[in-house]
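# Breakdown of the fold
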Amino acid sequence: DVRLLESGGGSVQAGGSLKLSCSASGLTSPRYCMAWWRQIPGQEREGVAVFDVDGFTRYANSVNGRFTISKDKAKSTLYLQMERLKPEDTALYYCAADERSCEDKLTPPKFWGQGTQVTVTG
């Protein structure tokens, strides 16, 4: 069974940095994508960064230039380095994975972590 476990969330002042980690287990497919999504209170869950099945990275416009997604395949760990955080980045951040698509709301990823809270104070 696939399990994803996020860590690294917390409270930080605006302009600060935070690094999230996602430990993955049970991902046996030779081809899969992983992504970070977030849910801001009152809004739908949205994708923020993805490592697609071909190894390319993409970012939501709202975080582009500030967030960096990376992974360590040997450690089965996904990371999200967040810089110059803003209060509007406050959300529950989720790690997700799939064999095909990790960034489509209509075809959301199959596997999800429990989420880690990020709070950015003004």
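The numbers attached to residues start from 1 for each chain and follow its sequence in the written order. Given that this is a predicted model, residues contribute local features only at a pLDDT of at least 70 and side-chain atom pairs are listed and counted only at 80 or more, while totals for whole chains, interfaces and linings are drawn from all residues. Values shown for side chains rest on all heavy atoms present in the structure; no hydrogens or waters enter the calculation.

The helix and strand labels rest on DSSP assignments: H or I over at least four residues marks a helix, E over at least two residues marks a strand, and numbering proceeds from the N terminus. Of note, T77 is situated in strand β8 (residues 77-82). Accessibility expressed as a relative area gives 13% for T77, which makes it buried. Here K75 takes part through its backbone oxygen, which lies 3.0 Å from a polar atom of the side chain of T77. By definition in these notes, contact holds between two residues if any of their heavy atoms fall within 4.5 Å. If we skip the residues at most four places from it in the chain, T77 touches S21, C22, S23, S70, K71 and D72. Only protein chains enter the accessibility calculation, which uses a 1.4 Å probe; a residue whose area is less than 20% of its type maximum is buried, one above 50% is exposed, and one in between is partly exposed. Side-chain atoms alone can form a polar contact between residues adjacent in sequence; in general such a contact is a pair of N or O atoms within 3.5 Å, and within protein one must be able to donate a hydrogen while the other accepts it.

Once that is clear, we can look at the sheet that holds β8. When DSSP finds at least two bridges between two strands, those strands are taken to pair. Strand order in this open sheet of four strands is β1-β3-β8-β7, and the pairing throughout is antiparallel. Because the sheet does not close on itself, it has two edges, and the strands there are β1 (3-7) and β7 (67-72). Adjacent strand axes in the sheet meet at a mean angle of 15 degrees when their direction is disregarded. Note on geometry: axes are C-alpha line fits, over the in-contact stretch for helices, and angles between N-to-C directions span 0 to 180 degrees.

It is worth spelling out unusual backbone geometry at this point. The phi angle at S76 is positive, at roughly 50 degrees, despite the residue not being glycine. Tracing the backbone shows S76 in the loop between β7 and β8. At R84, a residue that is not glycine, the phi angle is positive and equals roughly 50 degrees. Its location among the elements puts R84 in the loop between β8 and β9 (91-98).

For this document, the term salt bridge refers to a Lys or Arg side-chain nitrogen within 4 Å of an Asp or Glu carboxyl oxygen. For the structure on display, the rule yields eight salt bridges. Of the charged contacts, one joins D54 and R31 as a salt bridge, the two residues approaching to 3.2 Å between their closest N and O atoms. Of this pair, D54 sits in the loop between β5 (46-51) and β6 (57-59) while R31 sits in the loop between β3 (18-25) and β4 (33-39); the two residues are 23 residues apart in sequence, bridging distant segments of the chain. Exposure remark for R31: the relative accessible area of 43% places this residue in the partly exposed category.

Turning our attention to the state of the cysteines. For the purposes of this analysis, a disulfide is any pair of cysteine sulfur atoms at a distance within 2.5 Å. In this structure the tally under the stated criterion is two disulfides. Across the disulfide from C22 sits C95; the S-S distance is 2.0 Å. Its S-S torsion of about -75 degrees marks the bond between C22 and C95 as left-handed, since a negative value means left-handed. With C22 in strand β3 and C95 in strand β9, the pair connects residues that are 73 residues apart, well separated along the chain. For the pair formed by C22 and C95, the shared burial category is buried.

Attention shifts here to the side chain of D98. Tracing the sequence through the fold places D98 in strand β9. Charge counting follows a simple rule: Lys and Arg are positive, Asp and Glu are negative, and His as well as the terminal groups are ignored. Buried charge D98 goes without a salt bridge, the closest partner of opposite sign being K110 at 5.2 Å. Engagement of the side chain of D98 in a polar contact is seen with the backbone nitrogen of R100, the distance being 2.9 Å. One polar contact links the side chain of D98 to the main-chain amide nitrogen of K110, over a distance of 2.9 Å. The contact partners of D98, leaving out residues within four places of it in the chain, are Y32, C33, P108, P109 and K110.

Note that all results are geometric; they support no functional claim without further evidence.
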